[in-house]
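Notes for the structure review
Okay, here's what each chain looks like letter by letter:
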Amino acid sequence: MDEANKMNKMVRQLLTLTALEFGNDTPSIAAFDVTELVHDLINSSGILIQQNAAKVSVDMPETLVVMGDEFKIEEVVTNYLTNAMNHLGGDHNIRIWSETLDGVAKIHVYNNGTPIPEEDLPNLWTKFYKVDKARTREYGGSGIGLSIVKEIIQAHGENINCISTEGVGTEFIFTLPIAKDKE
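Residues numbered from 1 in each chain as written. Predicted model: local features only at pLDDT ≥ 70, side-chain atom pairs only at ≥ 80, totals over all residues. Heavy atoms only, no water.

Re the pairing of strand β6 (residues 160–165)
Convention followed: Two strands pair under a simple rule: DSSP has to find at least two bridges between them. A run of H or I in DSSP becomes a helix once it reaches four residues, and a run of E becomes a strand once it reaches two; helices and strands are each numbered from the N terminus.
Bridge analysis of β6 against strand β7 (residues 169–177) gives six bridges, and the strand direction is antiparallel. Within β7, the residue paired with isoleucine 163 across the bridge is glutamate 171. From the end of β6 to the start of β7, which pair antiparallel, there are three residues, and glycine 167 there has a positive phi angle of about 80°.

Encoded structure:
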């Protein structure tokens, strides 16, 4: 049953990715509060956070209204948060924060786990790419999640990035425009 469920999830991810890649799943852009979305995801991930003994901190304004497809951005934050929990290290810290500059909100998701080797960073967004060269399924991932993230953020006309530093941790970033009347 577990393998069938994993295969079902992977097929759904591939269908989502294909629709995004071919422009058949364009985002429905509207104003939404990304801070509220982050807090809701943390609350709904409470059991997983406890199981991983993770310490999650959020440093965002009480309200940060951005323009984007809330459901697709939820998928982005979920992917980043899940990856952070799957690769915890040290004192199991996950930190989520935002910064704003020139009408753009930059959302960061950080964990202090084992850093991603520099040579792997450019390939993270490639379909089926895994840093784990053995291609094990230790974390249950298929290597599709970050490809979906990339397509979602690019469909929004925005940017993604990953910074990984030895002895510090890994930080995944995405940007969204701040809602014009909320700047």
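That covers the picture; the talk isn't over yet.
Some thoughts on the sheet that holds strand β2 (residues 55–59)
Convention followed: Angles here are taken between N-to-C directions and fall from 0 to 180 degrees, while the axes themselves are lines fitted to C-alpha atoms, restricted in helices to the stretch in contact. The contact rule is simple, with two residues in contact once any of their heavy atoms fall within 4.5 Å.
If you trace the five strands from one edge of the open sheet to the other, you get β2-β4-β5-β7-β6, paired in mixed fashion. Across the chains shown, the open sheet's two edge strands, defined by having one partner strand only, are β2 and β6. Across this sheet, the average inter-strand angle for adjacent strands is 15°, counted without regard to direction. Here helix α4 (residues 70–86) sits on the sheet in contact with β4 (93–101), β5 (104–111), β6 and β7, set at roughly 175° to β7.

Digging into helix α5 (residues 145–155)
For the record, the criterion: Only protein chains enter the area calculation, which uses a 1.4 Å probe; residues under 20% of their type maximum are buried, those over 50% are exposed, and those in between are partly exposed.
The element α5 is extensively covered by neighbouring structure, given that eight of its 11 residues are classed as buried. Regarding α5, the residues found buried are Gly145, Leu146, Ser147, Ile148, Val149, Glu151, Ile152 and Ile153. Positive backbone phi, approximately 75°, marks glycine 157, located one or two places after α5.

Overview of a negative patch on the surface
Stated formally: Candidate patch residues must exceed 30% relative accessible area and have no salt bridge, after which like charges are joined if within 9 Å and Val, Leu, Ile, Met, Phe, Trp or Tyr side chains if within 5 Å. Using a 1.4 Å probe, the Shrake-Rupley method yields the accessible areas, and only the shown protein chains count as cover for residues. Basic side-chain nitrogens of Lys or Arg form a salt bridge, by our definition, when they fall within 4 Å of a carboxyl oxygen of Asp or Glu. In this count, Lys and Arg are taken as positive residues and Asp and Glu as negative ones, while His and the chain termini are left out. Where a charge sits is defined by one atom per residue type, namely NZ (Lys), CZ (Arg), CG (Asp) or CD (Glu).
On the surface, Glu36, Asp40, Glu70, Glu74 and Glu75 cluster together into a patch of negative charge. Those elements giving two or more residues to the negative patch turn out to be α2 (34–44) and α4. The element contributing the most residues to the negative patch is α4, with three residues. The topology assignment puts aspartate 40 in helix α2. On the basis of relative accessible area, aspartate 40 is assigned to the partly exposed category, the value being 43%.

Some thoughts on the nonpolar core
Worth spelling out the cut-off: Side-chain atoms within 4.5 Å are what join buried Ala, Val, Leu, Ile, Met, Phe, Trp, Tyr and Cys residues into a set we call a nonpolar core.
One finds Tyr80, Ile94 and Phe174 to be the most contacted residues of the largest nonpolar core, which totals 39 residues. Elements with a minimum of two residues in this core: α2, α4, β4, β5, α5 and β7. Considering every element that reaches this core, the biggest residue donor is α4, with seven residues. With near-sequence residues (within four places) excluded, tyrosine 80 lies in contact with Val109, Trp125, Leu146, Val149, Ile160, Asn161, Phe172, Ile173 and Phe174.

Structural notes on the pattern of salt bridges
Summed over the entire model, instances satisfying the criterion amount to one salt bridge. Across the pair arginine 95 and aspartate 59 runs a salt bridge whose closest N-O atoms are separated by 3.8 Å. Here arginine 95 is found in strand β4, whereas its partner aspartate 59 is found in strand β2, with 36 residues between them in sequence. Since its relative accessible area comes to 32%, arginine 95 is described here as partly exposed. Accessibility expressed as a relative area gives 47% for aspartate 59, which makes it partly exposed.

A short note on the side chain of threonine 170
For clarity, the threshold we go by: Polar contact is the term for a pair of N or O atoms within 3.5 Å; when the atoms are in protein, one must be able to donate a hydrogen and the other to accept it, and sequence-neighboring residues count only if both atoms are side-chain atoms.
For threonine 170, the position within the fold is in strand β7. At 2.7 Å, the side chain of threonine 170 and the side chain of serine 164 are in polar contact. Aside from chain neighbours lying at most four places away, what touches threonine 170 is Val109, Tyr110, Asn111, Thr114, Pro115, Ile116, Cys162, Ile163 and Ser164.

Looking at the packing of α4 against α5
A pair of packed helices is captured by two measures, namely the crossing angle of their axes and the spacing between those axes. Quick reminder of the rule: By the definition used in this description, the sense in which the near helix is turned from the far one sets the handedness, with an anticlockwise turn below a right angle giving left-handed and a clockwise turn giving right-handed. Amino acids outside the nonpolar list (Ala, Val, Leu, Ile, Met, Phe, Trp, Tyr, Cys, Pro) and the charged list (Asp, Glu, Lys, Arg) are all regarded as polar, and Gly is one of them.
Axis separation between α4 and α5 bottoms out at 10 Å; the angle between their running directions is 145°. The interaxial crossing formed by α4 with α5 has left-handed handedness. Contacts between α4 and α5 involve Lys72, Ile73, Glu75, Val76, Asn79, Tyr80 and Asn83 from the former and Gly145, Leu146, Ile148, Val149, Ile152 and Ile153 from the latter. Within the contact of α4 with α5, the residues separate by chemical class into eight nonpolar, three polar and two charged.

Shape descriptors only; they carry no functional weight alone.
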